[in-house]
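Residue-level structure breakdown
Given next are the chains, with one letter for each unit.
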Amino acid sequence: MKKNISAWIYILPAALIIMSFRFIPIILSFIISFYEWSFTGIGEFIGFQNYVTLIHDEEFWKSMLNTFYLVIFVVPLTIVFSLTFAVLLNQIKFLKSFFRTVYFVPFVTSLVALSIVWKIIFNQQFGLANAFLGLFGIEPLRWLAEHEGIFTLLFRGIGIEIPAALGGPSLALFAIIIVTIWRGVGYATIIYLAGLQNISNSYYEAAEIDGASKIKQFFKITLPLITPTTYFVLMMKTITTFQVFSQVYLMTGPPIGGPQGTTKVIVYYIFESGFGEAQNLAYASTVALVLFLIILTLTLIQRRLEKYVHY
């Protein structure tokens with residue numbers, strides 16, 4: 001009994017912090033969503049009116065589409081790039097710690113500083129991105145000011161017009177995607193590298209004796225045994241990508257979230273609803289709860305993938 005009490009005493013500070021800054025705000029947010037609530041104070045009880053408004057809100061659905069574009073591009077590409085870099089780093093015998101640090105630096109660097117630097121890189125007049133494209137004779141792009149989809153621009157470059165619905169994320173949102181991938185790859189690479197180093201060399205030695213090529217070893221040994229790490233990276237990257245805000249705000253910022261709102265992701269929309277001109281905290285809480293339910297649902301779906309994980 002005394003041991004149990006000691007354990008509770010040890011976890012009490014962390015439990016209080018989690019309750020204060022996690023569970024209680026979620027409960028309060030749920031309650032607020034049923035009222036009219038702004039900075040001027042609480043209004044009358046309106047039931048599910050905020051949720052009805054959300055269903056018919058075009059801006060909400062547009063921000064959700066932008067968010068899904070972000071997730072669809074960022075999550076798989078981060079996994080592919082980070083696993084590739086981790087495999088290459090795992091082969092290096094010298095300066096391995098140096099390269100680990102190089103890859104990890106973007107993740108620990110201030111996102112505000114990184115966003116400002118990338119905003120300069122994507123500048124239409126003097127940015128390095130257009131300077132690089134100019135080496136290949138490509139006209140300067142309006143990176144952070146272009147609202148048309150990247151697929152529309154690509155196909156138009158070869159003389160083909162495609163429907164706007166198939167245009168994909170805007171070039172401005174694609175610039176955000178590039179920054180998000182670049183910053184997140186370092187963290188995932190280190191996680192993958194740790195997972196690769198836990199794979200016993202005996203598997204590869206046996207495969208070499210059997211005459212298996214490096215490619216076959218990768219698909220038959222590395223990929224199956226690295227599935228716990230992939231599962232972790234997939235879940236964490238999905239959650240964090242749904243919560244992207246800083247780079248959107250700093251690179252394409254107020255008042256509408258990029259060209260024609262094409263970079264307005266769901267967290268930016270929550271911020272705009274609660275702290276913008278509307279200052280409708282109740283509606284912002286409603287959108288935040290819907291985002292919470294979406295992330296929770298996707299997490300539960302991903303939990304179903306655990307049966308494919310080889311521990």
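Residues numbered from 1 in each chain as written. Predicted model: local features only at pLDDT ≥ 70, side-chain atom pairs only at ≥ 80, totals over all residues. Heavy atoms only, no water.

Quick look at the layout of surface pockets now. Its boundaries defined by the atoms lining it, the largest pocket holds a volume of some 830 Å³. Along the walls of the largest pocket sit 23 residues, with Arg-22, Ile-26, Gln-243, Ala-288 and Phe-292 positioned nearest its centre. The element contributing the most residues to the lining of the largest pocket is helix H14 (residues 281–303), with 10 residues. Taken together, the residues of the lining of the largest pocket break down into 17 nonpolar, 5 polar and 1 charged. (1 Å grid on protein atoms, 1.4 Å probe; cavity = no way out; pocket = protein on both sides within 12 Å on 5 of 7 lines; lining within 4 Å. Points joined across faces, edges and corners; volume = space filled by probe spheres on them. Helix = DSSP H or I, 4+ residues; strand = E, 2+ residues; numbered from the N terminus. Nonpolar A, V, L, I, M, F, W, Y, C, P; charged D, E, K, R; others polar.)

In this section: the packing of aromatic side chains. Applying the stated rule across the entire model yields 28 aromatic pairs. Ring geometry for Phe-104 and Phe-107: centres 5.6 Å apart, planes at 40°, overall tilted. Of this pair, Phe-104 and Phe-107 both sit in helix H4 (residues 96–108), 3 residues apart, which is roughly one turn of that helix. Take Phe-104: its relative accessible area is 26%, and that puts it in the partly exposed class. The exposure class assigned to Phe-107 is partly exposed, which follows from its relative accessible area of 30%. When the centroid spacing of 5.2 Å and the interplanar angle of 70° are considered together, the rings of Phe-132 and Phe-136 count as edge-to-face. (Phe/Tyr/Trp six-rings, centres within 6.5 Å; stacked < 30°, edge-to-face > 60°. Buried < 20%, exposed > 50% of the residue type's maximum accessible area, 1.4 Å probe, protein only.)

Counting buried positions over the 5 residues of strand S2 (residues 41–45) gives 0, only a small fraction of the element. Bridge count for strand S1 (residues 35–38) against S2 is 3 bridges, and the pairing is antiparallel. Note on S2: the bridge partner recorded for Trp-37 is Ile-42. Here S1 folds back onto S2, and the loop between the two strands holds 2 residues. (Pairing = 2+ DSSP bridges.)

Turning to the pattern of salt bridges, a few remarks are in order. Considering all chains together, one arrives at 7 salt bridges under this definition. With its nearest N and O atoms 3.2 Å apart, the salt bridge here joins Arg-156 to Glu-161. A residue is classified by how much of its surface remains accessible, and Glu-161, at 56% relative accessible area, is exposed. Of the charged contacts, one joins Glu-306 and Arg-303 as a salt bridge, the two residues approaching to 3.6 Å between their closest N and O atoms. Judged by its relative accessible area of 30%, Glu-306 falls in the partly exposed class. (Salt bridge = Lys/Arg side-chain N within 4 Å of Asp/Glu carboxyl O.)

Grouped together as the largest cluster of nonpolar side chains are 31 residues, with contacts concentrated most on Phe-60, Tyr-192, Phe-242, Ile-266, Val-287 and Leu-291. Of all the secondary-structure elements, those providing two or more residues to this core are helix H3 (58–91), helix H8 (171–197), helix H9 (201–209), helix H11 (227–242), helix H13 (266–275) and H14. In contact with Tyr-192, other than residues within four places in its own chain, are Ile-79, Ser-82, Leu-83, Ala-86, Ile-226, Thr-229, Thr-230 and Val-233. Core analysis: the next-biggest nonpolar cluster, separate from the first, contains 24 residues, Leu-173, Ile-177, Val-185 and Val-244 among them. (Core = buried A, V, L, I, M, F, W, Y, C linked by side-chain atoms within 4.5 Å. Contact = heavy atoms within 4.5 Å.)

Next up on the list: the packing of H4 against H8. The contact between H4 and H8 brings their axes to 5 Å, and the two run at 140°. In this view, H4 runs oblique relative to H8, as classed from their interaxial angle. The two elements H4 and H8 meet at a crossing, and its hand is left-handed. Mapping the contact onto sequence places Lys-96, Arg-100, Tyr-103, Phe-104, Pro-106 and Phe-107 in H4 and Trp-182, Arg-183, Gly-186, Tyr-187, Ile-190, Leu-193 and Gln-197 in H8. The class makeup of the residues in the contact of H4 with H8 is 8 nonpolar, 2 polar and 3 charged. (Axes fitted to C-alpha atoms, helices over the stretch in contact; angles between N-to-C directions. Parallel < 35°, antiparallel > 145°, perpendicular 65-115°, else oblique. Left-handed = near helix turned anticlockwise from the far one by under 90°.)

Among the secondary structure elements, Thr-262 is positioned in the loop between helix H12 (246–251) and H13. Ignoring any residue separated from it by four or fewer positions in sequence, one finds Thr-262 in contact with Asn-66, Glu-146, His-147, Ser-170, Ala-172, Leu-173 and Gly-257.

Right, let's get into the environment of Leu-305. For Leu-305, the position within the fold is in the segment after H14. Distance in space between the C-alpha atoms of Leu-305 and Tyr-231 is 8.0 Å, their sequence separation being 74 residues.

As a further point, take a nonpolar patch on the surface. Taken together, the side chains of Ile-18, Met-19, Phe-23, Ile-24, Ile-27, Leu-28, Phe-30 and Ile-31 define a hydrophobic patch exposed on the protein surface, amounting to about 730 Å² of accessible area. Mapped onto the elements, Ile-24 comes out in helix H1 (residues 2–32). (Patch = residues over 30% accessible without salt bridge, like charges linked within 9 Å, V, L, I, M, F, W, Y side chains within 5 Å. Areas by Shrake-Rupley, 256 points an atom, 1.4 Å probe, with all protein chains shown as cover.)

Here we come to the environment of Val-309. Of note, Val-309 is situated in the segment after H14. Residues Val-309 and Phe-94 lie 215 residues apart in sequence; the distance between their C-alpha atoms is 32 Å. Non-local contacts of Val-309, meaning those with residues more than four positions away in its chain, are made with Thr-227, Pro-228 and Tyr-231.

Here we take up the environment of Leu-193. Following the sequence through the fold, Leu-193 ends up in helix H8. Expressed as a C-alpha distance, the spacing of Leu-193 and Ala-172, which sit 21 residues apart in the sequence, is 32 Å.

Where H3 meets H4, the axes come as close as 10 Å, and the angle between the chain directions of the two elements is 160°. On the basis of their axis angle, the class for H3 and H4 is roughly antiparallel. For the pair H3 and H4, the sense of crossing is right-handed. Contacts between H3 and H4 pair Phe-85, Leu-89 and Asn-90 from the former with Lys-96, Phe-99 and Tyr-103 from the latter. Of the residues assigned to the contact of H3 with H4, the class counts are 4 nonpolar, 1 polar and 1 charged.

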